[in-house]
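Summary of structural features
Residue-level listing of the chains:
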Amino acid sequence: MEKQGHCLTPFQRKLLLKSLQTDLRPEYRRRIEIMLLADTGQSQAQICKALGCSPEMARYWIVMAQTGQAHHWNDHPMGRPKTVNEQYLARLKELVSHSPREYGYPFQRWTAQWLAKHLAKELGINVSDCHINRLLKEMGLSTRQRRESAHLGTDGTKDSNITIGDLQSSPDPNFLWSLNLIQTSN
């Protein structure tokens with residue numbers, strides 16, 4: 001029988017066990033398991049072996065349990081905070097659909113760099129121009145100018161304005177042969 005109560009209060013243990021019953025990300029689940037195993041008296045090395053976690057992670061959460069802070073297992077968010085929100089995306093989409101001149105800029109087309117600068121000034125969110133291009137691509141948008149030279153044909157597809165009738169046929173069948181002679185005689 002495993003001994004309990006090395007570092008957790010009965011309330012903390014109950015709270016952690018109840019939290020394990022919910023749908024958690026694996027990283028959060030591991031935090032709780034580390035503290036529960038530490039409470040049973042298992043060493044850092046035993047916990048690392050059992051859970052496959054790093055010694056640093058085990059040590060951190062063992063100390064959290066030992067110092068009475070086990071209830072803070074979900075206070076440390078995972079990963080990098082998401083800076084781009086729905087408001088940012090909506091504003092980006094709006095800016096791309098209008099000329100920069102409407103916003104006081106002297107140029108005709110947006111670049112990712114200028115979109116990033118404008119949105120940083122307006123919304124206070126700094127994003128790289130590479131990320132701006134990624135976001136635009138995800139939305140099906142681009143800062144590149146659309147080709148207006150491609151016209152739609154009668155069937156609704158792009159018409160490249162080339163038809164079979166435009167191709168010139170050689171009047172002389174020996175024409176290619178004579179070109180071959182010219183190339184080899186030099």
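Let us now look at the overall build of the protein. Looking only at helices and strands, the protein has 8 helices and 2 strands in total. Along the chain direction, N to C, the helices and strands of the protein fall in the order α-α-α-α-α-α-α-β-β-α. For the protein, with 186 residues in total, the buried portion stands at 27%. The long-range share in the protein, meaning contacts at least 24 apart out of those at least 6 apart in sequence, stands at 51%. Within the structure as shown, the protein displays about 13,900 Å² of accessible surface, and the carbon and sulfur contribution to it stands at 53%.

In a structure, side chains of opposite charge can pair up when their charged atoms sit close to one another. Per the stated rule, a full pass over the model turns up 4 salt bridges. D39 is the salt-bridge partner of R13, the closest N and O atoms lying 2.8 Å from each other. On the criterion of sequence distance, the pair formed by R13 in helix 1 (residues 10-20) and D39 in helix 2 (residues 26-39) is long-range, its members being 26 residues apart. As a salt-bridge pair, R25 and E27 come within 3.3 Å of each other at their nearest N and O atoms. Look at E27 and you get partly exposed, because its relative accessible area is 28%.

Packed helices, taken two at a time, are described by the angle between their axes plus the distance between the axes. Axis separation between helix 1 and helix 2 bottoms out at 10 Å; the angle between their running directions is 140°. Handedness of the crossing formed by helix 1 with helix 2: left-handed. Note on element contacts: helix 2 touches helix 1 through R29, I32, E33, M35, L36 and D39, opposite R13, L16, L17, S19 and L20. A breakdown of the residues in the contact of helix 1 with helix 2 according to their chemical character gives 6 nonpolar, 1 polar and 4 charged.

Here we come to the packing of aromatic side chains. Within the structure shown, the criterion is met by 8 aromatic pairs. Measuring from centroid to centroid gives 6.0 Å for Y103 and W110, while their planes differ by 50°, and the two rings are tilted. Of the residues examined, W110 reaches a relative accessible area of 5% and is grouped as buried. Within the aromatic cluster, the residues linked to one another by ring pairs are Y103, Y105, F107, W110 and W114.

Looking now at the side chain of T143. Looking at the secondary structure, you find T143 in the loop between helix 7 (129-138) and strand 1 (151-152). Among residues more than four places away in sequence, those in contact with T143 are R109, W110, T111, A112, L115, N133 and L136.

Over its 12 residues, helix 4 (residues 55-66) extends 16 Å from the first C-alpha to the last, a length consistent with the 16 Å expected when each residue adds 1.5 Å. Here helix 4 has its buried residues at A58, W61, I62, M64 and A65. For helix 4, the buried positions fall inside an angular range of 155° around the axis, keeping them on one side. Exposed residues on helix 4 whose side chains face more than 90 degrees from its buried face are E56 and Q66. Tucked inside the fold, the buried residues of helix 4 contact helix 2 and helix 3 (44-51).

For the rest of this paragraph, the subject is the confidence of the model for the protein. Looking at the protein, the pLDDT average stands at 81 and 72% of residues meet or exceed 70. Taken element by element, the predicted model of the protein shows its lowest mean pLDDT in strand 1 (52) and its highest in helix 3 (95).

Rules of the game
- Residues numbered from 1 in each chain as written.
- Predicted model: local features only at pLDDT ≥ 70, side-chain atom pairs only at ≥ 80, totals over all residues.
- Heavy atoms only, no water.
- Helix = DSSP H or I, 4+ residues; strand = E, 2+ residues; numbered from the N terminus.
- Buried < 20%, exposed > 50% of the residue type's maximum accessible area, 1.4 Å probe, protein only.
- Contact = heavy atoms within 4.5 Å.
- Areas by Shrake-Rupley, 256 points an atom, 1.4 Å probe, with all protein chains shown as cover.
- Salt bridge = Lys/Arg side-chain N within 4 Å of Asp/Glu carboxyl O.
- Axes fitted to C-alpha atoms, helices over the stretch in contact; angles between N-to-C directions.
- Left-handed = near helix turned anticlockwise from the far one by under 90°.
- Nonpolar A, V, L, I, M, F, W, Y, C, P; charged D, E, K, R; others polar.
- Phe/Tyr/Trp six-rings, centres within 6.5 Å; stacked < 30°, edge-to-face > 60°.
- Expected span 1.5 Å × (residues − 1).
- Arc of directions from axis to C-beta.
- pLDDT = per-residue confidence, 0-100.

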